[in-house]
Amino acid sequence: MSHRQMMDGVYRYQRHIYDLTRKYYLLGRDGLIADLDVPKGGAVLEIGCGTGRNLIAVGKAWPKARLYGVDISEAMLETARACVTKAGMGDRVTLAQGDACGFDAAALFGREKFERVFISYALSMIPEWEMALHQAARCVAPGGRLEIVDFGQQEQLPTLWKRALFGWLGQFHVSPRRELSGAIERLAQDMGGFPHSRTLYRGYAVRGGLIRV
Ligand SMILES: C[S@@+](CC[C@H](N)C(=O)[O-])C[C@H]1O[C@@H](n2cnc3c(N)ncnc32)[C@H](O)[C@@H]1O
């Protein structure tokens, strides 16, 4: 089974209750959005955009921003298109099917670079996640930013909690990336940029990213 088929399988039914349920445990998404500080008229790309929930929030916070989303799951994109239309943002948001590890932004969106690129709780679902990280950084315009939020290593939470959470996440093909902070630092060295990363909520989540030079 391909990764695309697997994601469609995971979300075929989940997408209908996704936004309602995930707001309780995909923590840190709204903080990332609030910190995006999109320049006037700037272009924002979400990789692994899911239902479009985050893009809609960005659109409300920055009414002049141009919004783009890519996701591997056509099932999720179907829900995203409906949500974006319902939010009255059909003319501001461009959605496309593609693999985070190697999509052609120019072909999908008519542009190669974006002032802000973000990935929210998707790297933990992408087997070749470091490839996706490189692809994301390539899409960032000079002076622009890549921002990431995802599950952390639960460092300051009880071991039993961590074991139970990781076991449960595994059922949905989610693997929190222990090496995320190191990978961001290497990426910044390779591609040129200033990296940052920090844990949130006692290690429940991790925020990271870089500013491109
Ligand atoms: C946990 S959801 C997060 C959705 C959204 N970013 C959010 O914060 O609500 C992960 C999303 O990543 C997408 N995804 C998984 N692997 C992908 C890949 N290789 N390329 C693009 N999207 C992918 C899934 O289809 C799903 O929509």
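Above this note sits the structure.
Just so it is clear, the model here is predicted, and its values are computed rather than measured.

### Describing the overall build of the chain
Step number 1: A count of helical and extended segments in the chain gives 9 helices and 7 strands.
Step number 2: The C-alpha atoms of the chain give a radius of gyration of 16 Å, which matches the 17 Å a tight globule of 213 residues would have.
Step number 3: Across its three principal directions, the C-alpha atoms of the chain cover 45 × 40 × 35 Å.
Step number 4: In the chain, which comprises 213 residues, the proportion classed as buried is 52%.
Step number 5: Counting only contacts in the chain whose residues sit at least 6 apart along the sequence, the fraction spanning at least 24 positions is 71%.

### Here's the deal with a nonpolar patch on the surface
Step number 1: Together, Phe194, Ile211 and Val213 give the surface a local cluster of nonpolar side chains, amounting to about 300 Å² of exposed area.
Step number 2: Along the chain, valine 213 turns up in the segment after strand E7 (205-212).

### Notes on the environment of glutamine 97
Step number 1: Residue position: glutamine 97 is located in strand E3 (residues 93-97).
Step number 2: The contact partners of glutamine 97, leaving out residues within four places of it in the chain, are Arg4, Val70, Asp71, Ile72, Glu74, Leu77 and Leu108.
Step number 3: Engagement of the side chain of glutamine 97 in a polar contact is seen with the backbone oxygen of isoleucine 72, the distance being 3.0 Å.

### Regarding the packing of aromatic side chains
Step number 1: Enumeration according to the criterion identifies 9 aromatic pairs in this entry.
Step number 2: For the ring pair tyrosine 68 and phenylalanine 114, a centre distance of 5.3 Å and an interplane angle of 70° mean the geometry is edge-to-face. Placement of the pair is tyrosine 68 in strand E2 (residues 66-71) and phenylalanine 114 in strand E4 (residues 114-120), with a sequence separation of 46 residues. Neither residue differs from the other here; tyrosine 68 and phenylalanine 114 are each classed as buried.
Step number 3: Given a relative accessible area of 0%, phenylalanine 114 falls into the buried group.
Step number 4: Taking the ring centre of phenylalanine 114 as reference, the NZ or CZ of arginine 111 above it sits at 5.5 Å.

### Quick word on the sheet that holds strand E1 (residues 43-47)
Step number 1: Strand order in this open sheet of 7 strands is E3-E2-E1-E4-E5-E7-E6, and the pairing throughout is mixed. Where the open sheet ends on each side, the last strands, each with one partner, are E3 and strand E6 (193-200). In this sheet, adjacent strand axes meet at a mean angle of 15° when their direction is disregarded.
Step number 2: Lying over the sheet, helix H4 (residues 53-61) contacts E1, E2, E3 and E4, oriented at roughly 175° with respect to E2.
Step number 3: Strands in contact with helix H7 (residues 129-138) are E1, E4, strand E5 (140-151) and E7; relative to E5, the strand with the most contacts, it is inclined by about 145°.

Cut-off values and rules
Residues numbered from 1 in each chain as written. Predicted model: local features only at pLDDT ≥ 70, side-chain atom pairs only at ≥ 80, totals over all residues. Heavy atoms only, no water. Helix = DSSP H or I, 4+ residues; strand = E, 2+ residues; numbered from the N terminus. Rg over C-alpha atoms; globule rule 2.2 N^0.38 Å. Buried < 20%, exposed > 50% of the residue type's maximum accessible area, 1.4 Å probe, protein only. Contact = heavy atoms within 4.5 Å. Patch = residues over 30% accessible without salt bridge, like charges linked within 9 Å, V, L, I, M, F, W, Y side chains within 5 Å. Areas by Shrake-Rupley, 256 points an atom, 1.4 Å probe, with all protein chains shown as cover. Salt bridge = Lys/Arg side-chain N within 4 Å of Asp/Glu carboxyl O. Polar contact = N/O pair within 3.5 Å; in protein donor to acceptor, adjacent residues only side chain to side chain. Phe/Tyr/Trp six-rings, centres within 6.5 Å; stacked < 30°, edge-to-face > 60°. Lys NZ or Arg CZ within 6 Å of the ring centre and 35° of its normal. Pairing = 2+ DSSP bridges. Axes fitted to C-alpha atoms, helices over the stretch in contact; angles between N-to-C directions.

Nothing here speaks to function; it is all geometry.
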